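Fold and contact review
Here's the letter readout for the chains.
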Amino acid sequence: MKFNLKYTLAAIIMFVLPQCLTAQIDDMRQREIRLGVMLPLHDDNGDGRRMVEYYRGVLMACDSLRQIGISVDVKAVNCAEDADVASLFNKSKMADRDVIIGPLYSKQMGAMSRFSENNDIKLFIPFSIETSEVFKNRNIFQVYQNSNDMNESTIRCFLERFKGYHTVIVDCNDTTSQKGVFTFALRRRMDSMSYTYNITNVNSSEAVFAKAFSTTKPNVVILNTGRSPQLNVVFAKLNGLSTTNPDLKISMFGYTEWMMYTQSALDNFYKFNVYIPAAYFYNPLSPRTKRIETKYRWNFHQDMMQALPRFAITGFDHACWLLLGLHKYGKAFQGAARTTGYTPTQTPLRFERVGNGGLQNRSMLFVHYTPEHRVETINF
């Protein structure tokens, strides 16, 4: 059988070329990125006001990216706590989105995850924690870790950072504290690794309290509560101890809640070399923070809410990181460390695949208050 080469090639071109052009047009690396936002965007309660501020940060990120040639088509809907999510999908026509940011409420996760899977849309979950969908849906990016995962990450990073230290755990007699779960798990891990530690009590005499500390190794002190009154008592004990034993090397390892005490406890944070584990760090003195806050004030004629973290900065970080990754890698984007080229202002992200499911953020910071009166962040 003979072929007419001229017409055969023409047929191939007519068949293949439209498909290539369609694929190129549909590749978000070659066109604008289609972003959906499904959060409670209203003024009825604190959830709505916080998410409106977060959304404003997302819009500021889109504006910044537009200046470097990355276009974003944003479609946002108010997804309140009592919303019928399936109905919202139909009304808002979200099926054409490349990625959706949402939801806020865990009870809405099932419907959003199914929509994400059925339409092959990435789902970026900025706040919701209690969901098993991340183990089943490969399109999911889940930012927040549950408490068990967070404890495991914190313990791993603690043991890495404080290898060679002697640990002192202070029982603060706080019956309301939930931090015993962390200190118990840490003790169990240190036992398995033959790390040295002692346990003392906040009400111990000065002599008994001092015996818990090593004179040959640097010490790291951990409380089994995150509350301020007990922390202040321990600071007083440590001040007395360091006066009578000036050669002791003491650091402290705290909890994210301690960031709320910075204004009143800053001198002690510096003096006792405090490390605070966190998923974010708001630094009001950072030039980048100041620029975003100024831009927010210009755009929306008000200041950000006095909250930790700052929700507008969180939205800005999330959107810059996510959209840069999608622009660079398209559907193949998996959020691994150092893949987007974006340096976060407040909220770093580093994702890992959960089995055969979606992607879970594993980023961890230690905020370090040094004796030289500096604040640094250690990224893990």
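Being a predicted model, the structure only gives us computed values, none of them experimental.

1. Re the pattern of salt bridges
Scanning the entire structure with this criterion turns up 19 salt bridges. Close ionic contact of Arg 227 with Asp 174 constitutes a salt bridge, the shortest N to O distance being 3.8 Å. Taken together, the residues span a long stretch of sequence, with Arg 227 in the loop between strand E8 (219–223) and helix H8 (228–244) and Asp 174 in the loop between strand E6 (166–171) and helix H6 (180–192) at a distance of 53 residues. A relative accessible area of 40% means that Arg 227 is categorised as partly exposed. Accessibility expressed as a relative area gives 11% for Asp 174, which makes it buried. One connected set of salt bridges, linked through shared partners, spans Asp 73, Lys 75, Asp 96 and Arg 97.

2. Quick notes on the packing of aromatic side chains
Applying the stated rule across the entire model yields 30 aromatic pairs. Plain terms: the ring middles of Phe 162 and Tyr 165 are 5.1 Å apart, the flat faces sit at 90° to each other, and that makes the pair edge-to-face. In terms of burial, Phe 162 and Tyr 165 fall into one category: buried. For Arg 161, the ring lying beneath its charged end belongs to Phe 162, and the centroid distance is 5.5 Å. Directly above the ring of Tyr 282 sits Arg 310, whose terminal nitrogen or CZ lies 4.1 Å from the centroid.

3. Some thoughts on helix H11 (residues 311–329)
For H11, which comprises 19 residues, the first-to-last C-alpha distance of 27 Å matches the rise-based estimate of 27 Å (1.5 Å per residue) to within 8%. Of all 19 residues that make up H11, 16 are buried, and the element is covered over most of its length.

4. What about the sheet that holds strand E9 (residues 250–253)?
Through backbone hydrogen bonds, the strands of a sheet pair up, either in parallel or in antiparallel fashion. One open sheet holds the 7 strands; their spatial order is E7-E6-E8-E9-E10-E13-E14, and the pairing between them is mixed. Of all strands in the sheet, those with a lone pairing partner are strand E7 (197–201) and strand E14 (375–379), marking the two edges. The mean inter-strand angle of the sheet, taken between neighbouring strand axes irrespective of direction, is 25°. Pairing geometry for E8 and E9, over 4 bridges, is parallel. When the bridges of E9 are listed, Ile 222 appears paired with Phe 253.

5. A short note on the environment of Tyr 54
Following the sequence through the fold, Tyr 54 ends up in helix H2 (residues 46–66). The spacing of Tyr 54 and Phe 300 is 246 residues in sequence and 13 Å in space, taken between C-alpha atoms. Ignoring anything within four residues of it in the chain, the contact list for Tyr 54 reads Leu 39, Ile 101, Phe 124, Pro 126, Phe 127, Phe 311, Ala 312, Thr 314, Gly 315 and His 318. Side chain to side chain, Tyr 54 and His 318 meet in a polar contact 2.9 Å long.

6. What to know about the confidence of the model for the protein chain
Mean pLDDT over the protein chain stands at 92; residues scoring 70 or higher make up 93%. Segment residues 5–23: pLDDT under 50, and 3 contacts once partners within four positions in sequence are set aside and those in other chains are kept.

7. Details of the nonpolar core
Of all hydrophobic cores here, the largest spans 53 residues; its most connected members are Phe 213, Val 221, Leu 238, Met 252, Phe 253, Trp 258 and Phe 269. Counting residues per element, this core draws most heavily on H8, at 5 residues. Discounting chain neighbours no more than four positions away, the residues touching Leu 238 are Phe 209, Phe 213, Val 221, Ile 250, Met 252 and Phe 272. Leu 65, Met 304, Phe 311 and Ala 312 belong to the second-largest nonpolar core, a separate cluster that totals 45 residues.

8. Re the environment of Phe 127
Of note, Phe 127 is situated in the loop between strand E4 (122–125) and strand E5 (140–142). Taking the C-alpha atoms as reference points, Phe 127 and Ile 101, 26 residues apart in sequence, are found 9.9 Å from one another. Aside from chain neighbours lying at most four places away, what touches Phe 127 is Met 51, Tyr 54, Leu 104, Tyr 144, Phe 311 and Thr 314.

9. Comments concerning the side chain of Gln 360
Following the sequence through the fold, Gln 360 ends up in strand E12 (residues 359–361). When its relative accessible area of 4% is taken as the criterion, Gln 360 is described as buried. Not counting residues within four places of it along the chain, the set of residues in contact with Gln 360 comprises Gln 142, Val 143, Tyr 144, Gln 145, Arg 350, Phe 351, Glu 352 and Val 354.

How each quantity is defined
Residues numbered from 1 in each chain as written. Predicted model: local features only at pLDDT ≥ 70, side-chain atom pairs only at ≥ 80, totals over all residues. Heavy atoms only, no water. Salt bridge = Lys/Arg side-chain N within 4 Å of Asp/Glu carboxyl O. Helix = DSSP H or I, 4+ residues; strand = E, 2+ residues; numbered from the N terminus. Buried < 20%, exposed > 50% of the residue type's maximum accessible area, 1.4 Å probe, protein only. Phe/Tyr/Trp six-rings, centres within 6.5 Å; stacked < 30°, edge-to-face > 60°. Lys NZ or Arg CZ within 6 Å of the ring centre and 35° of its normal. Expected span 1.5 Å × (residues − 1). Pairing = 2+ DSSP bridges. Axes fitted to C-alpha atoms, helices over the stretch in contact; angles between N-to-C directions. Contact = heavy atoms within 4.5 Å. Polar contact = N/O pair within 3.5 Å; in protein donor to acceptor, adjacent residues only side chain to side chain. pLDDT = per-residue confidence, 0-100. Core = buried A, V, L, I, M, F, W, Y, C linked by side-chain atoms within 4.5 Å.

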